Amino acid sequence: MREIFNAMSETKPVVLELPHFAAPRNSRSSDEWYTPRWITRSLGKFDLDPASSDKVAIQVASEFYTIKDDGLQKPWRGRVWLNPPFSDIRPWAKRMIHHDNGIMLCFSRTEAAWFHELVRHCGRVFLVRRRVQFNRPGETNPRACPMGIVLFPFGESNAEQITSSGIEGIMLWGMQA
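Residues numbered from 1 in each chain as written. Predicted model: local features only at pLDDT ≥ 70, side-chain atom pairs only at ≥ 80, totals over all residues. Heavy atoms only, no water.

1. Let's talk about the packing of aromatic side chains
- Under the counting rule described, the total for this entry stands at five aromatic pairs.
- Residues phenylalanine 86 and phenylalanine 107 carry aromatic rings whose centres are separated by 4.1 Å and whose planes lie at 55° to one another, so their mutual orientation is tilted. Separated by 21 residues along the polypeptide, phenylalanine 86 in the loop between strand E3 (80-82) and helix H3 (90-99) and phenylalanine 107 in strand E4 (residues 102-107) bring together distant segments of the chain. Grouping residues by exposure puts phenylalanine 86 and phenylalanine 107 together as buried.
- Grouping aromatic residues by their ring pairs yields a cluster made of Trp114, Phe115 and Phe152.
- The ring of phenylalanine 46 has arginine 79 sitting right over it, with the charged end atom 4.1 Å from the ring centre. (Phe/Tyr/Trp six-rings, centres within 6.5 Å; stacked < 30°, edge-to-face > 60°. Helix = DSSP H or I, 4+ residues; strand = E, 2+ residues; numbered from the N terminus. Buried < 20%, exposed > 50% of the residue type's maximum accessible area, 1.4 Å probe, protein only. Lys NZ or Arg CZ within 6 Å of the ring centre and 35° of its normal.)

2. Observations concerning the nonpolar core
- Judged by nonpolar contacts, the single largest core of 41 residues is most densely connected at Leu43, Trp76, Trp81, Leu82, Met104, Leu151 and Phe152.
- Listed by contribution, the elements that provide at least two residues to this core are strand E1 (46-49), E3, H3, E4, helix H4 (113-122), strand E5 (124-128), strand E8 (149-154) and helix H5 (156-163).
- Excluding residues that lie within four positions of it along the chain, phenylalanine 152 makes contacts with Gly102, Ile103, Met104, Cys106, Phe115, Leu118, Val119, Cys122, Arg124 and Val125. (Core = buried A, V, L, I, M, F, W, Y, C linked by side-chain atoms within 4.5 Å. Contact = heavy atoms within 4.5 Å.)

3. Re the pairing of E8
- In terms of residue burial, E8 counts as a mostly covered element, since six of its six residues are buried.
- By the alternation rule, side chains of E8 split into Ile149, Leu151 and Pro153 and Val150, Phe152 and Phe154, which are all buried.
- When E4 meets E8, the two strands line up antiparallel, connected through six bridges. Of the residues in E8, the one forming a bridge with glycine 102 is phenylalanine 154.
- Of the pairings in the sheet, the one linking E5 to E8 comprises two bridges and is antiparallel in character. From the neighbouring strand, leucine 127 faces E8, where its bridge partner is valine 150. (Pairing = 2+ DSSP bridges.)

4. Details of the environment of tryptophan 114
- Within the secondary structure layout, tryptophan 114 lies in helix H4.
- Here tryptophan 114 falls in the buried class, since its relative accessible area comes to 7%.
- Along the sequence, tryptophan 114 and proline 91 sit 23 residues apart, while their C-alpha atoms lie 9.1 Å from each other.

5. A word on H5
- Restricting attention to buried positions, one finds in H5 the residues Asn158, Ala159 and Ile162. For H5, the angular spread of buried residues about the axis comes to 105°, placing them on one side.
- Buried-residue contacts for H5 involve E4, E5, E8 and strand E9 (169-173). (Arc of directions from axis to C-beta.)

6. Observations concerning the pattern of salt bridges
- Enumeration according to the criterion identifies six salt bridges in this entry.
- Between arginine 77 and glutamate 63 there is a salt bridge whose closest N-O contact spans 3.0 Å. Separated by 14 residues along the polypeptide, arginine 77 in the loop between strand E2 (61-64) and E3 and glutamate 63 in strand E2 bring together distant segments of the chain.
- On the basis of relative accessible area, arginine 77 is assigned to the partly exposed category, the value being 40%.
- A relative accessible area of 27% means that glutamate 63 is categorised as partly exposed.
- For the salt bridge of glutamate 117 with arginine 120, the shortest nitrogen-to-oxygen distance reads 2.6 Å. Separated by three residues within a single helix, glutamate 117 and arginine 120 lie in helix H4, roughly one turn from each other.
- Taking relative accessible area as the criterion, arginine 120 reaches 28% and is therefore assigned partly exposed. (Salt bridge = Lys/Arg side-chain N within 4 Å of Asp/Glu carboxyl O.)

This is the structure in structure tokens:
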């Protein structure tokens, strides 16, 4: 299967500039989608979570920033866990590409330009097999995410951590720019 995907990757892709589509929002929605512990626990220790919440009972990383801290403007260090606000992933994706160490969780938005930038930079993407259920503010029961979820590994050790994590899914390998 990997050989087939790599063979398909050898042709020069057509790059389309597509408009950004934000996550659906209404007066009751928010960008707070708390990552399930079974995901983060299986991916090892993280030094920083720049898009966390002070409402999360157990923090993913030894250091974290909340919306009040504005994690995009703060310094990033070490291995980063990033579950960015889905309403505007682009600046977070750019920052993660620049930092280049950690794992980023996001929607599988294969039509979005930022998604293609992440694939080109990382050279791979992990497709989580099942619909992930997230806790949301003010809700007692987890809610299934309306789209599929992917993990982008930044660096070889993070790719290895994902593939050995036990999270059900498949790592697709593509071309790096």
